[in-house]
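One letter stands for each residue in the lines below.
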Amino acid sequence: MFTTEQVKEIQAQAANWLNNQNNPIPIKDIALLRNVLRFNEYRYYVLNDPLLSDFEYDQLYKQLVAIETANPSLIVADSPTQRVGNSLNQQFVTVPHLVPMLSLDNSYNAEDLFDFDRKALELSGLAQIEYCVEPKFDGASISLFYENDLLVRGITRGDGVAGEDITQNIKQIKSIPLSAPFSSIGIQQIEIRGEIILHKATFEKYNQQLIEQGLSPLANPRNAASGSLRMKDPKEVAARNLDAFLYHVSYVIGRHPNGSDQLSSHAGSLDLLWQMGFRSPKEEKRVVLGIQGVIDYCLAFEAKRDDLPYEIDGMVVKVNSIALQDQLGMTSHHPRWAIAFKFKARQATTKLIGVEFQVGRTGAVTPVAKLSPVFLGGVTVSSISIHNEEYIQQKDLQLGDTVLIERAGDVIPQIVKSLPELRNGTEKSIAFPTNCPVCKSELFKEEGEAVWRCINIECEAQVVEKMIHFVSKDALDIKSFGEANVRKFYELGILKDIPGIYQLDFVKIGGLEGFGKKSLENLVAAIEASKQQPLYRLIYGLGIRFVGETTAKTLANSVNHLLDFASKTEEELLLLDDVGVKVAKSIQGFFHNPQNIEMLKQLEILGLQLVNTKKEVVEGGSLTGQSFLFTGTLNQLKRSEAEALAESKGGIILSGVSSKLNYLVVGEDAGSKLEKAKKINTIKIISEEEFIQLIK
Ligand code: IVH
């Protein structure tokens, strides 16, 4: 990437500038200054072998910023300053991949690999095949496109055919060069595939921060990496310290004419990527002739996976010759020239030191095994759900037992079995409580069910869990509320039930530690925004047993108003898609409970959408796309008739005044809605007479 001459010049110049910091770096040296910074990024992020201290790097970086600020015309796209993004709220546009991003077939043992080899031998007619074996990085896959040496686009895998353009976020990853000298070998365009990863140490640190903030830790570095790539603010992406391994060249224009260049073998392309300044698995790869060597290398690498600073979940075996790869081709799912070798689930033994009984939002009491903390598959495991009483019996679990636990990929850790042969007589059987561990009321178990339940709907644990569910991402998605705040506000008596979420005393909250002006504003805005969430989210958020997101959508689409469910019979509910007897009974149970009806009425008064605004809109009506709200007493029409009339012309009925409202139709004795609407000048306030004219 840099010639020896250049490196010498870069090092000499950097030392010279740092020794004479009183003299600003002259504008004419801007190109050299950029190279000094690029070279040092490469040393630091790709080679892990920095030449300058962070402080020294920052001094030089600041000088470049100063020169570019004074002379904006000198800024170039691949200047080290151009990583910094300026869009705070990116929209990720979906773009097609030049070449579809296929996934790999999996193998789990030597036999699978022999099969893979046999098929490749048959298809090629060869006696032995040369393979290149490298780690299978456990992260989020991406595709990078360079044109005329410049990074022009970074795309997520998406569905394999098209992904999201996350270029601005990709630029925050310092081991990915903003430019690379492909033109020096005749390449004008190149698409490169790779994996964005998070180092184990970075992941642990990040999770630690989440725990300190009262948030749930992430399951694995892979989820953390893919979540990070889709963050709206590039600055936050930069703070995540992501890294990248590039392992595949999928498209080239301008390669060497006789095909004998480095790109004619997979190993050669990894070397080439390395030479161009990318972090490729150049050192980690191994070229071997014949499948036995492949198996040996895979197993040897598996034995050292825990020593690596990043997570891998297997190895990838690739036919080394690109010509042979082309000959073997691919199925619709995966190439015939490559296969993943998946490592076995990681296992560990530890002690079962206690059992805690947790009460969920539906009252289900779940035993959670407390374990002596043990490091397993990238995370420290100290507790594992052991589901129910039957499970405890099946696995023969006792307090004090040594247990074998396992974690396969991103799967939640599980107890495989206890090791009774290691018992010393001090173990104790696990007693399941007969009363709720929180509210002490008696527990019940329905026939045919394995779960014990607390049926006291005022049980504190259930109330809190219900609120946590209500604000959660898939429900009302009240950002920045979260589990920690629900618990905190509940404990302080600021919040006692779901309607309370919309009646919070922000003065009190503002006085709490950790609530600055900004976080309070965010919270207020998020709560307000949640009032406009579609009806199905509210239904899902109510946490009715057996009503998941899909059923919630079906339910929302079947009514005009949520309270219509109060008068629906079980038979009517059974007519709906994916509503069986169990679900119908549960829905009825919920809507026949006066406390629940009271809560819903309260929520409507507080401004939530109980009307199904997303219902099939009458296409082409004269009021299509216009929203209406009626307030006060109408003289000529009944409220329901007026609403039906508006809907019949394509209008939508809203349940509260907001900036989304187009018309407020005002009858006699209109109250607070009118006052509120007057403050939003986009709302047209009309009389009943004017409404009738509009309909006509
Ligand atoms: S090659 C057409 N090499 O594994 C070949 N993939 O399960 C494309 N992965 O989607 C893939 N490390 O995200 C390849 N060294 C490696 C890899 C690797 C991780 C991921 C990649 C792919 C998935 C397939």
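Scoring rules and cut-offs
- Residues numbered from 1 in each chain as written.
- Predicted model: local features only at pLDDT ≥ 70, side-chain atom pairs only at ≥ 80, totals over all residues.
- Heavy atoms only, no water.
- Pairing = 2+ DSSP bridges.
- Helix = DSSP H or I, 4+ residues; strand = E, 2+ residues; numbered from the N terminus.
- Axes fitted to C-alpha atoms, helices over the stretch in contact; angles between N-to-C directions.
- Salt bridge = Lys/Arg side-chain N within 4 Å of Asp/Glu carboxyl O.
- Buried < 20%, exposed > 50% of the residue type's maximum accessible area, 1.4 Å probe, protein only.
- Phe/Tyr/Trp six-rings, centres within 6.5 Å; stacked < 30°, edge-to-face > 60°.
- Lys NZ or Arg CZ within 6 Å of the ring centre and 35° of its normal.
- Contact = heavy atoms within 4.5 Å.
- Parallel < 35°, antiparallel > 145°, perpendicular 65-115°, else oblique.
- Nonpolar A, V, L, I, M, F, W, Y, C, P; charged D, E, K, R; others polar.

When you look at the sheet that holds strand β13 (residues 365-376) in this model, what are you seeing that I'm missing?
What holds strands together in a sheet is hydrogen bonding between their backbones, with the strands either parallel or antiparallel. Pairing is antiparallel in the open sheet, where five strands are placed in the order β14-β13-β12-β16-β17. Each of the sheet's edge strands pairs with one partner strand only, and the pair in question is β14 (379-385) and β17 (414-418). Put simply, the sheet's adjacent strands are angled 40° from each other on average, direction ignored. Pairing of β13 with β14, which is carried by six bridges, proceeds in the antiparallel orientation. Bridge pairing in β14 links Lys 370 to Ser 383.

Looking at this model, I keep getting lost on unusual backbone geometry. Mind explaining?
Comment: phi is negative for the bulk of residues other than glycine, and the bulk of peptide bonds are trans. Although it is not a glycine, Ser 480 sits at a positive phi angle of roughly 65°. Here Ser 480 lies in the loop between α13 (460-471) and α14 (482-491). Although it is not a glycine, Asp 669 sits at a positive phi angle of roughly 55°. Position of Asp 669 relative to the elements: it lies in the loop between β23 (663-666) and α23 (672-678).

Which parts of the structure should I look at to understand the pattern of salt bridges?
It is possible for side chains bearing opposite charge to pair when their charged atoms get close. Taken as a whole and judged by the stated rule, the model has 32 salt bridges. Ionic pairing is found between Arg 222 and Asp 138, a salt bridge with its closest N-O pair at 2.7 Å. Of this pair, Arg 222 sits in helix α7 (residues 221-229) while Asp 138 is found in the loop between β3 (130-137) and β4 (140-147), placing the two residues 84 residues apart along the sequence. The class for Asp 138 is buried, based on a relative accessible area of 10%. Arg 453 is the partner of Glu 449 in a salt bridge, and the nearest nitrogen-oxygen pair spans 3.6 Å. You can call Arg 453 buried: its relative accessible area is 10%. The structure contains a network of salt bridges with shared partners spanning Glu 446, Glu 449, Arg 453 and Arg 545.

Please explain the packing of aromatic side chains as it appears in this structure.
Where two aromatic rings form a pair, the distance of their centres and the angle of their planes describe that pair. On inspection of all chains with the given rule, the structure shows 22 aromatic pairs. When the centroid spacing of 5.1 Å and the interplanar angle of 90° are considered together, the rings of Phe 630 and Phe 691 count as edge-to-face. Linking Phe 630 in strand β21 (residues 627-631) with Phe 691 in helix α24 (residues 688-695), this pair joins segments that are 61 residues apart in sequence. By way of ring pairs, the aromatic residues Phe 137, Phe 245, Tyr 247 and Tyr 310 are connected into one cluster. The positively charged end of Lys 304 is found above the aromatic ring belonging to Phe 301, 4.7 Å away from the centroid.

Could you clarify how one ought to interpret the sheet that holds strand β10 (residues 312-319) in this entry?
Pairing in this open sheet of five strands is mixed, and the strands run β2-β11-β10-β3-β9 from one edge to the other. This sheet does not close on itself; its edge strands, each paired only once, are β2 (105-107) and β9 (286-289). With strand direction ignored, the average angle separating the axes of adjacent strands in the sheet is 35°. Strand direction decides the pairing type here: β3 and β9, joined by four bridges, are antiparallel. When the sheet's bridge partners are listed, Val 133 is paired in β9 with Arg 286. Against the sheet, helix α9 (residues 266-275) contacts β3, β9 and β10, and its axis sits at roughly 50° relative to β3.

For this particular structure, what's the right way to read the packing of helix α1 (residues 4-19) against helix α3 (residues 54-70)?
Each pair of packed helices gets described by two things: the angle between the helix axes and the distance between those axes. For the pair α1 and α3, the least separation of the axes is 11 Å and the interaxial angle reads 85°. One finds that α1 runs roughly perpendicular with respect to α3. On α3, the residues that touch Ala 14, Trp 17 and Leu 18 of α1 are Glu 56, Gln 59 and Leu 60. Grouping the amino acids of the contact of α1 with α3 by side-chain chemistry returns four nonpolar, one polar and one charged.

Would you mind going over the packing of α1 against helix α2 (residues 30-46) with me for this structure?
It is at 9 Å that the axes of α1 and α2 come closest, and there the two elements cross at 100°. Here α1 is positioned roughly perpendicular relative to α2, judged by the angle of their axes. Mapping the contact onto sequence places Gln 6, Val 7, Glu 9, Ile 10, Gln 13, Ala 14 and Trp 17 in α1 and Leu 32, Leu 33, Asn 35, Val 36 and Phe 39 in α2.

Just to check I follow, could you spell out the pairing of strand β16 (residues 402-407) for this structure?
Note on strand geometry: in a regular strand, side chains alternate between the two faces of the sheet. Within β16, five of the six residues are buried, which leaves it mostly tucked inside the rest of the structure. The pairing of strand β12 (residues 346-359) with β16 spans six bridges and is antiparallel. For Ala 348, the partnering residue across the bridge sits in β16 and is Ile 405. Across four bridges, β16 lies against β17 in antiparallel orientation. Bridge assignment links Val 403 to a residue of β17, and that residue is Ser 418.

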